[in-house]
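# Working through the structure, step by step
Each chain, written out:
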Amino acid sequence: MEKTIERTFVMIKPDGVQRGLIGEILKRFESAGLKIVGLKMVKATKNMVEEFYPKDKEWFETIGQKTTKAYQEAGLSIQETFGTTNLEEIGKIIKKWLVDFIVSGPVVAMVLEGNHAIMKVRNIVGYTDPFAAAPGTIRGDLTTDSIALGNIMARAVVNVIHASSSQKDAEKEISIWFEKKELMSYKRCDEDIILGRFLK
Ligand code: TYD
């Protein structure tokens, strides 16, 4: 397989499933040329989701930073909502809300394959906070939720979808949600175009 051809993990979160957005989301990926090589509906367990989202200090702090930024921009007090301004502690509180949200209903798990698939999919998905996500992206187009509102209401931000953010994460996430035999190999008829084997 060419070095730029990657596999990435995507999950349509419970809000996306319950709002009937599965078809709309799959259409966006398929139209972009990404190949669905694994697809299923799953009711995840708490253990599985806790394992799926990272538990290292760095990740908690990144979450804390994003939250703090959104709060500052909305003119809200982080101390009032979280009882702390410590980034790692904020990240841990949010992970609990996030796990509760992901197990609240069925999700659609998939593996997408394609040229630079990891970043391509992240670009189609858009920024974490739907309020700041660019129009044209899934999060920018398909919800009006925001980090600020989610946190005020002591719940995760309802942002429709998850997508792996690096090669390392993609490999780990695919192995949590899929067995090898559930991943398919087949050819999309438009593959010849980008792989340089022009039709004669
Ligand atoms: P993160 O990995 O930072 O974002 P992304 O999903 O864009 O890779 O965060 C993981 C999830 O955590 C995010 O999709 C939604 C949730 N989250 C909240 O619920 N509230 C928050 O304030 C933040 C920053 C994230």
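A brief report on the enclosed structure follows. (Residues numbered from 1 in each chain as written. Predicted model: local features only at pLDDT ≥ 70, side-chain atom pairs only at ≥ 80, totals over all residues. Heavy atoms only, no water.)

### Remarks on the sheet that holds strand 2 (residues 35-42)
In spatial order, the strands read 2-3-1-4; together these four strands make up an open sheet with antiparallel pairing. Every interior strand has two partners, whereas the edge strands, strand 2 and strand 4 (161-163), have only one. Between one strand axis and the next, the sheet turns by 20° as a mean value, whatever way the strands run. In this sheet, strand 4 lies alongside strand 1 (residues 5-12) in antiparallel orientation, the contact comprising three bridges. Note that in strand 4 the partner of Ile12 across the bridge is Ile161. Each of strand 1, strand 2, strand 3 (107-115) and strand 4 is contacted by helix 10 (residues 167-177), which is oriented at about 55° to strand 1, the strand it contacts most. (Pairing = 2+ DSSP bridges. Helix = DSSP H or I, 4+ residues; strand = E, 2+ residues; numbered from the N terminus. Axes fitted to C-alpha atoms, helices over the stretch in contact; angles between N-to-C directions. Contact = heavy atoms within 4.5 Å.)

### Looking at helix 2 (residues 22-31)
Those residues of helix 2 not exposed but buried are Ile25, Leu26, Arg28 and Phe29. Buried residues of helix 2, seen end-on, are gathered within an arc of 155° and therefore sit on one face of the element. The exposed residues of helix 2 that point more than 90 degrees off its buried face are Lys27 and Ser31. Where helix 2 is buried, its residues touch strand 1, strand 2, strand 3, helix 7 (117-125), helix 8 (138-142) and strand 4. Looking at the residues trailing helix 2, positive phi occurs at Gly33, about 100°. (Buried < 20%, exposed > 50% of the residue type's maximum accessible area, 1.4 Å probe, protein only. Arc of directions from axis to C-beta.)

### A look at the side chain of Arg28
Within the secondary structure layout, Arg28 lies in helix 2. Among the polar contacts made by the side chain of Arg28, one reaches the side chain of Glu24 at a distance of 2.8 Å. Side chain to side chain, Arg28 and Asp141 meet in a polar contact 3.1 Å long. (Polar contact = N/O pair within 3.5 Å; in protein donor to acceptor, adjacent residues only side chain to side chain.)

### What to know about the side chain of Asp129
By secondary structure assignment, the location of Asp129 is in the loop between helix 7 and helix 8. As a buried residue without a salt bridge, Asp129 has its nearest oppositely charged side chain in Lys69, at a separation of 7.6 Å. Within the structure, Asp129 has its side chain in polar contact with the backbone nitrogen of Ile147 (distance 3.0 Å). The residues touching Asp129, leaving out its near neighbours within four places in the chain, are Ala70, Asp145, Ser146 and Ile147. (Lys, Arg positive; Asp, Glu negative; His and termini not counted. Salt bridge = Lys/Arg side-chain N within 4 Å of Asp/Glu carboxyl O.)

### Observations concerning a nonpolar patch on the surface
A contiguous nonpolar surface patch, about 360 Å² in accessible area, is contributed by Leu76, Leu149, Ile152 and Met153. Relative to the assigned elements, Leu149 resides in helix 9 (residues 147-152). Classification of Leu149 as partly exposed rests on a relative accessible area of 39%. (Patch = residues over 30% accessible without salt bridge, like charges linked within 9 Å, V, L, I, M, F, W, Y side chains within 5 Å. Areas by Shrake-Rupley, 256 points an atom, 1.4 Å probe, with all protein chains shown as cover.)

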